[in-house]
Amino acid sequence: MTFESLIKKTFFFCLFFITIKANAGESNITVLMYHRIGDNDYPSTNISKELFEEHIKYLVEKNIKVLPLTELSKYLKKKINLPKKTVFITFDDAYKSFFQNGFPILKKHKLPFSIFVSSHYVSKAEESDFMSWSMLKEVSKSDGLILNHSKSHESLLEIDIQTVKKEIEQNQIEIDKNVGEQPKIFSYPYGESSKNVEDVVKLLNYEIAFSQHSAPIHLDQNIFRLPRYALNDEFGNLKRFKMILKTKPLEIFQSSFDDAIINTDKFHYSFLSKIPSKFISCFINNSASMIKKDEGNKVSLYLSKLKNGVRYRINCTYIDQMGDVFWYGKMIKRIN
């Protein structure tokens, strides 16, 4: 080995460990997403009341700061700093099971939370699965934000842009009329968005918007496609919950594809990271095929068997020598 190559190798490893140390200093900012609580008829979106209470007790016992989403908006706009370890609790769809089984637990511990509501489904019918406006108003008086999830909960990728605009505007009018004026924070139905849809959300002066792919929060990301960790009985056991709260952002650069919709069954996606690619593990769900090629600090993913109309979540993680987990997530959907 020549002296020059030895110097280059030494510099590489020094840079590598400096980078890891710098990344390890990142804050743990996590957004949690739930749907139903204590409703066993829907296992994919349900978490038991007992397990949900374990989650909340852990947050309280460990003195982990739980804040309203308005604080996350300020943080992402670099107006404030957040505590080193911060959690935000969200619920999609405003199911009645939340009001019956989850709300009393949060109220007891005086923790803030957010519910994303589609007004078309709000109902006072006793047999309805969904909360009524009076329930939502009661929730709003106990640290609950009632936020926009579109009016009909249709996929915004399958309707024209003008209808997308109406869906969001009309839903906000209903929320503000029935509950009182709420912050303009949005959650996409099914987590599905595109750059065009996100442009509408931005045009309507929403502060931030959420998808449903997994990853912790970091600065300098797309604030109109923010990640959340989905929790249910299958993927919400206490061990995994504790791990999620420790994850830190795996920051990426020069992403080859910034949108979220594709129109082919084969797809090549790549990005750069401060971490050499060979140390990063990547996965995809729903029986899609993935081949990962390592090219220095470039991660190249060759995806295939992507089915029309199916959502796919790409998760890439790196675990350092201290056991810290760095996580990057992306969601795509094939439409053609």
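J.: Looking at this structure, how should I read unusual backbone geometry?
T.: Both trends apply: most residues other than glycine have a negative phi, and most peptide bonds are in trans. At N63, a position not held by glycine, the phi torsion is positive, near 55 degrees. When its relative accessible area of 70% is taken as the criterion, N63 is described as exposed. A positive phi angle, near 60 degrees, is found at A94, a position not held by glycine. Of note, A94 is situated in the loop between β5 (85-92) and α4 (96-109).

J.: How should the state of the cysteines be read in this particular structure?
T.: By definition, a disulfide is the covalent link that joins the sulfur atoms of two cysteine residues. This model, assessed by the stated rule, comprises one disulfide. C282 shares a disulfide with C316; S-S distance 2.2 Å. Around the S-S axis, the bridge from C282 to C316 shows a dihedral of about 115 degrees and counts as right-handed. Within this pair, whereas C282 is found in strand β15 (residues 281-284), its partner C316 is found in strand β18 (residues 311-319), the two being separated by 34 residues in sequence. With relative accessibility at 0%, the residue C316 sits in the buried group.

J.: I tried to follow empty space enclosed by the protein on my own but got confused; where do I start?
T.: Summed over the entire model, instances satisfying the criterion amount to one cavity of 30 Å³ or more. Estimates place the volume of the largest cavity at around 60 Å³. Lining the largest cavity, in full, are L157, G191, E192, S193, S211, H213, R225, A260, I261, M331, I332 and K333. Of all the elements, strand β19 (residues 325-334) adds the most residues to the lining of the largest cavity, at three residues. Of the residues assigned to the lining of the largest cavity, the class counts are five nonpolar, four polar and three charged.

J.: Just checking my understanding: could you explain the environment of I275 for this structure?
T.: Along the polypeptide, I275 turns up in the loop between β14 (267-273) and β15. C-alpha separation for the pair I275 and V299, spaced 24 residues apart in sequence, amounts to 9.6 Å.

J.: Teacher, can you tell me more about the pairing of strand β6 (residues 113-117) here?
T.: Across a regular strand the side chains alternate sides, sitting on one face of the sheet and then on the other. The buried fraction of β6 is high, at five of five residues. Neither face of β6 is exposed, since F113, I115 and V117 on one face and S114 and F116 on the opposite face are all buried. Pairing analysis gives three bridges linking β5 to β6, with the strands arranged parallel. For T90, the partnering residue across the bridge sits in β6 and is S114. Taken together, β5, α4 and β6 constitute a β-α-β crossover, and its handedness is right-handed. In the sheet, β6 pairs with strand β7 (residues 144-148) via five bridges, with the strands oriented parallel. For F116, the partnering residue across the bridge sits in β7 and is L147. In this view, the connection linking β6 to its parallel neighbour β7 by way of helix α5 (residues 133-140) has right-handed handedness.

J.: What is the right way to read the sheet that holds strand β12 (residues 252-253) from this model?
T.: Think of a sheet as strands paired side by side through backbone hydrogen bonds, with each pair either parallel or antiparallel. Taken in spatial order, the four strands make up an open sheet running β12-β14-β17-β16, and their pairing is antiparallel. Of all the strands in the sheet, the pair left with one neighbour each is β12 and β16 (289-295). Sheet topology note: the β16/strand β17 (residues 298-304) ladder contains seven bridges and is antiparallel. Bridging across to β17, K292 finds its partner in L301.

J.: Before we go on, may I ask you to explain helix α2 (residues 49-61) in this structure?
T.: Three- or four-residue spacings in an α-helix give side chains the same orientation, since the helix completes a turn every 3.6 residues. In this model α2 runs 18 Å from its N-terminal to its C-terminal C-alpha over 13 residues, within 8% of the 18 Å that 1.5 Å per residue would give. Along α2, the residues classified as buried are L51, F52, H55, I56, Y58 and L59. End-on view of α2: buried residues confined to an arc of 155 degrees, all on one side of the axis. What points out from α2, more than 90 degrees from its buried face, is the exposed set E50 and E61. Among the residues trailing α2, N63 stands out with phi positive, at a value near 55 degrees.

J.: Quick question: what am I supposed to make of the layout of surface pockets here?
T.: Remark: the empty space left among the atoms is shown by a probe the size of a water molecule rolled over them. Computed from the structure, the largest pocket encloses a volume of approximately 940 Å³. Lining the largest pocket are 32 residues; nearest its centre among them are S44, Q212, A230, N232 and R313. Of all the elements in the fold, those that place two or more residues in the lining of the largest pocket are β15 and β18. The element that contributes the greatest number of residues to the lining of the largest pocket is β18, accounting for three residues. The class makeup of the residues in the lining of the largest pocket is 12 nonpolar, 13 polar and seven charged. Put simply, the second largest pocket is a space of about 500 Å³. In terms of lining residues, the second largest pocket is bounded by 24 residues, among which H218, Q221, N222, I252 and Y328 are the most central. Only α7 (195-203), β12 and β19 provide two or more residues apiece to the lining of the second largest pocket. Counting residues per element, the lining of the second largest pocket draws most heavily on β19, which supplies four residues.

Calculation notes
- Residues numbered from 1 in each chain as written.
- Predicted model: local features only at pLDDT ≥ 70, side-chain atom pairs only at ≥ 80, totals over all residues.
- Heavy atoms only, no water.
- Buried < 20%, exposed > 50% of the residue type's maximum accessible area, 1.4 Å probe, protein only.
- Helix = DSSP H or I, 4+ residues; strand = E, 2+ residues; numbered from the N terminus.
- Disulfide = S-S within 2.5 Å.
- 1 Å grid on protein atoms, 1.4 Å probe; cavity = no way out; pocket = protein on both sides within 12 Å on 5 of 7 lines; lining within 4 Å.
- Points joined across faces, edges and corners; volume = space filled by probe spheres on them.
- Nonpolar A, V, L, I, M, F, W, Y, C, P; charged D, E, K, R; others polar.
- Pairing = 2+ DSSP bridges.
- Right-handed = clockwise from strand over helix to strand, strands pointing away.
- Expected span 1.5 Å × (residues − 1).
- Arc of directions from axis to C-beta.

None of the figures reported here should be taken as evidence of function without further support.
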